[in-house]
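Summary of the model geometry
Here's the letter readout for the chains.
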Amino acid sequence: MGWSAAAGLAPIPLLDLAAISAVQVRMLKKLADHYQVPFTKDLAKSLIGAAIGGSSAFMVAMPLASMLKAVPIIGTFVSTFVTPAAAAATTFALGKVFIQHFEAGGTMLDMEPEALRQHFYDEYKRNQAPADVETPLAA
């Protein structure tokens, strides 16, 4: 999460998104190695796209937050907080989804895109809830 948040601080619009993506692919490689699951970079990129890209909010919000860096002063200030926070949250949720899948004996080849998308969204939302608010899955 920390590397992903740091990648979100890249000062050039859209370079931050490329850096965040690289961090997430590297995380999946390390998780696959840990769980002794075969890994391919292209499949990892596709699965990340299926998880994150399935949400129209992410498809709009992340590039928009990145492009804010091009707006002098206000845009730079706002994107300094938004992009790293969103990057950390998405990376955390993505990691949780893959850890749970690998621990259940799954591989990168047997992930169902729709289930992956929904599980990612659920993890992301669960980790966005304030600490004092009980989420439906925590009940």
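Residues numbered from 1 in each chain as written. Predicted model: local features only at pLDDT ≥ 70, side-chain atom pairs only at ≥ 80, totals over all residues. Heavy atoms only, no water.

1. Observations concerning the overall build of the protein
Our working definition: Going along the chain from the N terminus, every DSSP run of H or I of four or more residues is numbered as a helix, and every run of E of two or more is numbered as a strand. In what follows, residue pairs with any heavy atoms lying within 4.5 Å of each other are defined as contacts. Every accessible area reported is derived by Shrake-Rupley at a probe size of 1.4 Å, with residue values counting cover from the shown protein chains alone.
Summing up its helical and strand segments, the protein has six helices and zero strands in all. Taken from N to C terminus, the helices and strands of the protein fall in the order α-α-α-α-α-α. Within the protein, residue pairs in contact and separated by at least 24 positions form 64% of the contacts whose partners lie at least 6 positions apart. Summed over its atoms, the accessible surface of the protein is roughly 8000 Å², and 66% of this surface lies on carbon and sulfur atoms.

2. What about the side chain of E123?
The cut-off we apply is this: Working definition: with a 1.4 Å probe on protein chains only, accessible area under 20% of the residue-type maximum means buried, over 50% means exposed, and in between means partly exposed. By the criterion applied in these results, polar contacts are pairs of N or O atoms within 3.5 Å in which, for protein atoms, one can donate a hydrogen and the other can accept it, and in which residues neighboring in sequence qualify only through two side-chain atoms.
As for its placement among the helices and strands, E123 is situated in helix 6 (residues 113–128). Assessed through its relative accessible area of 1%, E123 is described here as buried. A polar contact is formed between the side chain of E123 and the side chain of R126, at a distance of 2.3 Å. Those residues in contact with E123 that lie beyond four places of it in its chain are A93, K96, V97 and Q100.

3. Quick word on the nonpolar core
Buried together is how nonpolar side chains tend to be arranged in soluble globular proteins. The test is simple: Throughout, nonpolar core names a set of buried Ala, Val, Leu, Ile, Met, Phe, Trp, Tyr and Cys residues whose side chains join them through atoms within 4.5 Å.
In terms of nonpolar packing, the biggest core is built from 23 residues, with L28, L94, F98, F102, L116 and F120 touching the most fellow members. Broken down by secondary-structure element, the contributors of at least two residues to this core are helix 2 (15–34), helix 3 (41–52), helix 5 (74–103) and helix 6. In this structure, F98 is in contact with L28, L31, L47, M111 and L116, ignoring residues within four places of it in sequence.

4. A closer look at unusual backbone geometry
Phi angles above zero are rare outside glycine, and Q36 is one such case at about 55°. Positionally, Q36 belongs in the loop between helix 2 and helix 3. With relative accessibility at 74%, the residue Q36 sits in the exposed group.

5. Considerations on helix 2
Short version of the rule: Each helix should span, by expectation, one fewer than its residue count multiplied by 1.5 Å.
In this model, helix 2 (20 residues) spans 29 Å end to end at C-alpha, consistent with the 28 Å of a helix rising 1.5 Å per residue. Those residues of helix 2 that sit buried are D16, I20, Q24, V25, M27, L28, L31 and A32. Directly beyond the C-terminal end of helix 2, a positive phi value near 55° is found at Q36.

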